[in-house]
Amino acid sequence: AQSVAQPEDQVNVAEGNPLTVKCTYSVSGNPYLFWYVQYPNRGLQFLLKYITGDNLVKGSYGFEAEFNKSQTSFHLKKPSALVSDSALYFCAVRPYGNNRLAFGKGNQVVVIP
Amino acid sequence: AAGVIQSPRHLIKEKRETATLKCYPIPRHDTVYWYQQGPGQDPQFLISFYEKMQSDKGSIPDRFSAQQFSDYHSELNMSSLELGDSALYFCASSLQGDYNEQFFGPGTRLTVL
């Protein structure tokens, strides 16, 4: 069975500093990996995905993520955080041949002005 | 751009009542998914449909049923509601394919009293 771990409950970062949200996964076969962001009382918004190819994936709103197969990680990064980036971030995995997304527990990101 | 539409946005029911949640996918999307997100939890996959046929089934209680109609909209029917069914219910849609991202609706917040 597939699983996703997001080890930190909350990530605090000063505005303008680099932001990293960690994610590790466990899945049999090749994984399809996704990051979503959720603002209060809103649905999940797609940020980016890794399917194959270049390990560095660029997504929406200046976010990027690096796929590391040996460490089974897919950390989300942003070079310079904005206050408006404060939200709940979910990492998700979708195993090959499977419809469903398996989400991590989510990370609350707080960007301090 | 058109997004996933869910109705109602909020629903309050008593224990043992029934509820019907509706989902209208993004035009031309052929696959619909339902997820349940409890308070402070990550979204859990319930069920999905591709071309009006059930394509995958997750941790959906027997009291719940769902279907996808000829116009691709989907309905989640919930009977004998329990307090523990109180949650945010998301519908997502995508084009069929493991690598296609799912686009989420705003969710229906169900409160069971």
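Residues numbered from 1 in each chain as written. Chains lettered and ligands numbered in written order. Predicted model: local features only at pLDDT ≥ 70, side-chain atom pairs only at ≥ 80, totals over all residues. Heavy atoms only, no water.

Chemist: Is there a simple way to think about the packing of aromatic side chains in this case?
Modeler: Centre distance and the angle of the planes are the two values used to describe a pair of aromatic rings. Under the criterion given, the structure shown has 15 aromatic pairs over all chains. Centre to centre, the rings of tyrosine 50 of chain A and phenylalanine 74 of chain A are 6.5 Å apart; their planes meet at 55°, and the pair counts as tilted. In this pair, tyrosine 50 of chain A sits in strand β6 (residues 44–50) while phenylalanine 74 of chain A sits in strand β9 (residues 73–78), placing the two residues 24 residues apart along the sequence. By relative accessible area, phenylalanine 74 of chain A is classed as buried at 0%. Taking the centre distance of 5.6 Å and the plane angle of 70° together, the rings of tyrosine 35 of chain B and phenylalanine 45 of chain B count as edge-to-face. Linking tyrosine 35 of chain B in strand β4 (residues 31–37) with phenylalanine 45 of chain B in strand β5 (residues 44–50), this pair joins segments that are 10 residues apart in sequence. Chaining the aromatic ring pairs together yields one cluster made of Tyr36, Phe46, Phe90 and Phe103 of chain A together with Tyr35, Phe45, Phe90, Phe103 and Phe104 of chain B. (Phe/Tyr/Trp six-rings, centres within 6.5 Å; stacked < 30°, edge-to-face > 60°. Helix = DSSP H or I, 4+ residues; strand = E, 2+ residues; numbered from the N terminus. Buried < 20%, exposed > 50% of the residue type's maximum accessible area, 1.4 Å probe, protein only.)

Chemist: Would you mind going over the sheet that holds strand β3 (residues 19–24) of chain B with me for this structure?
Modeler: Sheets are built from strands that pair by backbone hydrogen bonding, the pairs being arranged parallel or antiparallel. All names here are of chain B. Strand order in the open sheet formed by four strands is β1-β3-β8-β7, with antiparallel pairing between adjacent strands. Across the chains shown, the open sheet's two edge strands, defined by having one partner strand only, are β1 (5–7) and β7 (64–68). Pairs of neighbouring strands in the sheet enclose a mean axial angle of 15°, with direction left out of account. (Pairing = 2+ DSSP bridges. Axes fitted to C-alpha atoms, helices over the stretch in contact; angles between N-to-C directions.)

Chemist: Help me understand the interface of chain B and chain A in this model?
Modeler: Often, the extent of an interface is quoted as the loss of accessible area on bringing the components together. Across the contact, 26 residues belong to chain B and 22 residues belong to chain A. Taking both partners together, chain B and chain A bury about 1,900 Å²; carbon and sulfur atoms supply 47% of that area. Counting across the chain B and chain A interface gives three salt bridges. Notably, a salt bridge pairs glutamate 101 of chain B with lysine 49 of chain A, separated by 2.6 Å at the nearest N-O pair. Where chain B touches chain A, the interface holds nine residue pairs in polar contact (both at pLDDT 80 or more). Among the secondary structure elements, those contributing two or more residues to the side of chain B that touches chain A are β4, β5, β6 (53–57) and β9 (87–94) of chain B. Residue classes in the side of chain B that touches chain A are distributed as nine nonpolar, 10 polar and seven charged. (Contact = heavy atoms within 4.5 Å. Buried area = accessible area lost by both parts, 1.4 Å probe. Salt bridge = Lys/Arg side-chain N within 4 Å of Asp/Glu carboxyl O. Polar contact = N/O pair within 3.5 Å; in protein donor to acceptor, adjacent residues only side chain to side chain. Nonpolar A, V, L, I, M, F, W, Y, C, P; charged D, E, K, R; others polar.)

Chemist: I'm lost on the state of the cysteines in this one. Help?
Modeler: Note on terminology: a disulfide is the covalent bond linking the sulfur atoms of two cysteines. Residue and element names in this part refer to chain B. Under the definition given, this model contains two disulfides over all chains. For cysteine 23, the disulfide goes to cysteine 91, at an S-S distance of 1.8 Å. Judged by the sign of its S-S torsion, about -55°, the bond between cysteine 23 and cysteine 91 is left-handed. Of this pair, cysteine 23 sits in strand β3 while cysteine 91 sits in strand β9, and the two are 68 residues apart along the sequence. (Disulfide = S-S within 2.5 Å.)

Chemist: Got a minute to help me understand the nonpolar core in this structure?
Modeler: If you look at the biggest cluster of nonpolar residues, it comprises 28 residues, and the most contacted ones within it are Leu19, Trp35, Leu47, Leu48, Phe74, Leu76 and Tyr89 of chain A. With four residues, strand β10 (residues 87–95) of chain A is the single largest residue contributor to this core. When residues no more than four places from it in sequence are discounted, the contact partners of leucine 48 of chain A are Leu33, Phe34, Trp35, Val57, Lys58, Gly59, Phe63, Glu64, Ala65, Phe74 and Leu76 of chain A. One finds Trp34, Leu81, Tyr89 and Val112 of chain B within the second-largest nonpolar core, a separate group that totals 22 residues. (Core = buried A, V, L, I, M, F, W, Y, C linked by side-chain atoms within 4.5 Å.)

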